[in-house]
Amino acid sequence: MPLRADTPPATAEVRRFTPLQRWIHRTTAALMGLCVLTAACLYIPQLAELVGRRALVVTLHQWSGLALPVPALAGLASRAFRADLGRLNRFGPHDRTWLRAALHRDKRQASRPAAKFNAGQKLYAAWIAGATLVMLATGLMMWFTHLTPLLWRTSATFVHDWLALTIGIVLAGHIGMALADPEARRGMRTGSVSREWAEREHRLWRP
């Protein structure tokens, strides 16, 4: 039997994230945004005067920070999420090539090989995970003042404040990178990306 001429081509889209993975990202982003916003209201006098209700702002900041790791911990029940954590935690020779190209501002796609996640995304994920744990630990020292000596609390306050400023700067960079790539945003919004984008930006990824 001859093949039909109108046989449909391979799908033009590939699945990048599951609904649970997108929920984890959105929930974590919302909690992180609340932490940053309430921190700004606590430390910037003009915002503090504008918002008022300092006790409520402190409570929101404390509980959103405490809940920040919860979505990722809940996501460990998902095999797809655990697989992506493994990918983010593994660096290969192609990642070193990607970083060298980024440092030399070489924007050619051939110079930036990437699997499902590129080296920049892996570094960001590792840094933000570590920073979140440090912020949680120092925040608990500042919250439960009777559990640690004064010197520890003073050091925790110093680390917490300056790391918060660094997180704000890194998050701004992360959002800026996302705004510059509509297809990547669509992948996080809908779960799917175009095959052409996947082959161009993540040519070592085999969905």
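This one's a predicted model, so the numbers in the text were calculated from it and none came from an experiment.

Student: Could you give me a rundown of the packing of aromatic side chains, with the residues and numbers involved?
Tutor: Applying the stated criterion across every chain, the model contains four aromatic pairs. With a centroid separation of 5.5 Å and 85° between ring planes, the pair formed by tryptophan 63 and tryptophan 143 is classed as edge-to-face. Note that tryptophan 63 is positioned in helix H3 (residues 54–67) and tryptophan 143 in helix H7 (residues 119–143), a separation of 80 residues in sequence. Judged by centre distance (6.5 Å) and plane angle (50°), the ring pair of phenylalanine 158 and tryptophan 162 falls under tilted. Placement of both phenylalanine 158 and tryptophan 162 in helix H8 (residues 150–179) is noted, with a separation of four residues, approximately one turn of the helix. Taken together, the ring pairs connect Trp63, Trp143 and Phe144 into an aromatic cluster. If you follow arginine 16 out to its NZ or CZ, it ends over the ring of tryptophan 205, 5.1 Å from the centre. Sitting over the face of the ring of tryptophan 98, arginine 112 holds its NZ or CZ atom 5.3 Å from the ring centroid.

Student: Would you mind going over the pattern of salt bridges in detail, with residue names and values included?
Tutor: Per the counting criterion, the structure on display carries eight salt bridges. Of the charged contacts, one joins aspartate 84 and arginine 87 as a salt bridge, the two residues approaching to 2.4 Å between their closest N and O atoms. Of this pair, aspartate 84 and arginine 87 both sit in helix H5 (residues 79–88), three residues apart, roughly one helical turn. Residue class for arginine 87 comes out partly exposed when judged on its relative accessible area of 32%. Between lysine 116 and aspartate 84 there is a salt bridge, with the nearest N and O atoms lying 3.1 Å from each other. Taken together, the positions of lysine 116 in the loop between helix H6 (93–103) and H7 and aspartate 84 in helix H5 put the pair 32 residues apart, joining distant regions of the chain. This pair shows no difference in class: lysine 116 is buried, exactly as aspartate 84 is. Each of Glu13, Glu183 and Arg186 takes part in one network of salt bridges that share partners.

Student: Provide a residue-level description of H7, including the pertinent values.
Tutor: Taking 1.5 Å of rise per residue, 25 residues should cover 36 Å, and H7 covers 36 Å from first to last C-alpha, within 8% of that figure. Taken together, the buried positions of H7 are Ala119, Lys122, Ile128, Ala131, Thr132, Met135 and Thr138. Residues of H7 that are buried in the fold lie against helix H1 (19–43), H5, H6 and H8.

Student: Please set out the confidence of the model for the protein chain residue by residue, giving values where relevant.
Tutor: Averaged over all residues, the pLDDT of the protein chain is 89; the fraction at 70 or higher stands at 95%. Mean pLDDT in the protein chain bottoms out at helix H2 (residues 45–51), which sits at 81, and peaks at helix H4 (residues 70–75), which reaches 95.

Student: Break down the layout of surface pockets for me, with residues and values.
Tutor: Considering only enclosed or pocket space, the second largest pocket measures out at about 790 Å³ in volume. Elements with a minimum of two residues in the lining of the second largest pocket: H1, H3, H7 and H8.

Student: Explain H6 to me, and be specific about the residues and the numbers.
Tutor: Where H6 is concerned, the buried positions are Asp95, Trp98 and Ala101. Considered in projection along H6, the buried side chains sweep an arc of 120° and stay on one side of the axis. Set apart from the buried face of H6 by more than 90 degrees, the exposed residues are Pro93 and Leu103. Where H6 is buried, its residues meet H7. Backbone geometry just after H6 places arginine 105 at a positive phi near 55°.

Cut-offs applied
- Residues numbered from 1 in each chain as written.
- Predicted model: local features only at pLDDT ≥ 70, side-chain atom pairs only at ≥ 80, totals over all residues.
- Heavy atoms only, no water.
- Phe/Tyr/Trp six-rings, centres within 6.5 Å; stacked < 30°, edge-to-face > 60°.
- Helix = DSSP H or I, 4+ residues; strand = E, 2+ residues; numbered from the N terminus.
- Lys NZ or Arg CZ within 6 Å of the ring centre and 35° of its normal.
- Salt bridge = Lys/Arg side-chain N within 4 Å of Asp/Glu carboxyl O.
- Buried < 20%, exposed > 50% of the residue type's maximum accessible area, 1.4 Å probe, protein only.
- Expected span 1.5 Å × (residues − 1).
- Contact = heavy atoms within 4.5 Å.
- pLDDT = per-residue confidence, 0-100.
- 1 Å grid on protein atoms, 1.4 Å probe; cavity = no way out; pocket = protein on both sides within 12 Å on 5 of 7 lines; lining within 4 Å.
- Points joined across faces, edges and corners; volume = space filled by probe spheres on them.
- Arc of directions from axis to C-beta.

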